[in-house]
Amino acid sequence: DRLVMARVGEGYPMVFGIPPKFIVESMEGTFDDAAVIMMGCSGLFSRDLAKAFVDKGASVYVGWNGSVELYYVDEATPYLVRQLCSGSMTVRDAVDNTMDSIGPDPEHGSGLEYYPTYPSDSGDKTLQELIE
C-alpha cells in the first residue's frame, strides 16, 4: 500500500504514484528544509501529501488544488520557478503572481497553493529564507 497506480490522462500509460504513506514510511532521511514543487495533478487537493513532505523536513510544498492539463503546467511551472528564484519574492507572492499572470488551469479551474499556512506560514518567506 505504499505505491499506487496513476495515469496522467486518458490514453497515457499507467505509472507509479507515491501516496503520503510512502513518504512517511518508506523514504529514509529528511528533506533538510528543501522546497518541494509538485507539479502533478491535485498535489494539494488534500493536504496529506504536503504534510508528509513537511513532516519529513521540507520547508514548503507548492502544488495544484485540482487537475491540470500538461500544456498548462508546462507554461506555469517555469514562470513559478522564476518567481521563486528571483530572490526577493515570498512564496505567497510567487504563487499569487503566477496565478495573476498565467491564471488558473483553463480546463479545470485549478490553481496553485502552498503548505504549510498555519501555524508557521511558509508564504511569508522567500525561498532563500526557507532553506537557510
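Computed from a predicted structure; not experimentally measured.

So, about the layout of surface pockets. What the largest pocket holds in volume is close to 670 Å³. Lining the largest pocket are 29 residues; nearest its centre among them are Ala6, Arg7, Gly40, Cys41 and Ser42. Contributing elements (two or more residues each) for the lining of the largest pocket: β1 (4-7), β2 (14-17) and α3 (70-84). Taken together, the residues that form the lining of the largest pocket break down as 18 nonpolar, eight polar and three charged.

What follows deals with the pairing of strand β4 (residues 60-64). Among the five residues that make up β4, five are buried, leaving the element largely enclosed by the rest of the structure. Side chains Val60, Val62 and Trp64 of β4 all project onto a buried face; the interleaved residues Tyr61 and Gly63 project onto the opposite face, where all are buried too. Pairing of strand β3 (residues 35-37) with β4, which is carried by three bridges, proceeds in the parallel orientation. Bridge pairing in β4 places Ala35 opposite Val60. Traced from β3 through helix α2 (residues 48-55) to β4, the parallel crossover comes out right-handed. Where β4 meets strand β5 (residues 112-115), four bridges bridge the pair, whose relative direction is antiparallel. The residue bridging Val62 from the neighbouring strand is Tyr114, located in β5.

Looking now at the packing of aromatic side chains. A full pass over the atoms with the stated rule returns three aromatic pairs. Ring geometry for Phe31 against Phe53: centres 5.1 Å apart, planes inclined by 50°, an arrangement best described as tilted. With Phe31 in the loop between α1 (20-25) and β3 and Phe53 in helix α2, this residue pair connects regions lying 22 residues apart in the sequence. Its relative accessible area of 23% is what places Phe31 among the partly exposed residues. Joined through ring pairs, the aromatic side chains of Phe31, Phe53 and Tyr61 make up one cluster.

What follows is about the nonpolar core. One recurring pattern in soluble globular proteins is that nonpolar side chains are buried together. Among the nonpolar cores identified, the biggest contains 19 residues, and Val62, Trp64, Tyr72, Leu80, Val91, Val95 and Leu112 are the most heavily contacted of them. Only β4, α3, α4 (91-102), β5 and α5 (127-131) provide two or more residues apiece to this core. Among the nonpolar cores identified, the runner-up in size contains ten residues, and Ala50, Ala52, Phe53 and Ala58 belong to it.

Let us now look at α2. Because each turn of an α-helix spans 3.6 residues, side chains separated by three or four positions in sequence point in the same direction. Three or more residues of α2 are buried, namely Leu49, Ala50, Ala52 and Phe53. Projection of α2 onto a plane perpendicular to its axis shows the buried side chains occupying an angular sector of 160°, all on one side. In α2, the exposed positions angled more than 90 degrees off the buried face are occupied by Asp48 and Asp55. Residues of α2 that are buried in the fold lie against α1, β3, β4 and β5.

Moving on, we get to the sheet that holds β5. In spatial order, the strands read β3-β4-β5; together these three strands make up an open sheet with mixed pairing. Both outer strands of the open sheet, β3 and β5, are each paired with one neighbouring strand and no more. Taking each pair of neighbouring strands and ignoring which way they run, the sheet shows an average axis angle of 15°. Contacts from α4 reach β4 and β5, with the element oriented near 170° to β5.

Criteria and thresholds
- Residues numbered from 1 in each chain as written.
- Predicted model: local features only at pLDDT ≥ 70, side-chain atom pairs only at ≥ 80, totals over all residues.
- Heavy atoms only, no water.
- 1 Å grid on protein atoms, 1.4 Å probe; cavity = no way out; pocket = protein on both sides within 12 Å on 5 of 7 lines; lining within 4 Å.
- Points joined across faces, edges and corners; volume = space filled by probe spheres on them.
- Helix = DSSP H or I, 4+ residues; strand = E, 2+ residues; numbered from the N terminus.
- Nonpolar A, V, L, I, M, F, W, Y, C, P; charged D, E, K, R; others polar.
- Buried < 20%, exposed > 50% of the residue type's maximum accessible area, 1.4 Å probe, protein only.
- Pairing = 2+ DSSP bridges.
- Right-handed = clockwise from strand over helix to strand, strands pointing away.
- Phe/Tyr/Trp six-rings, centres within 6.5 Å; stacked < 30°, edge-to-face > 60°.
- Core = buried A, V, L, I, M, F, W, Y, C linked by side-chain atoms within 4.5 Å.
- Arc of directions from axis to C-beta.
- Contact = heavy atoms within 4.5 Å.
- Axes fitted to C-alpha atoms, helices over the stretch in contact; angles between N-to-C directions.

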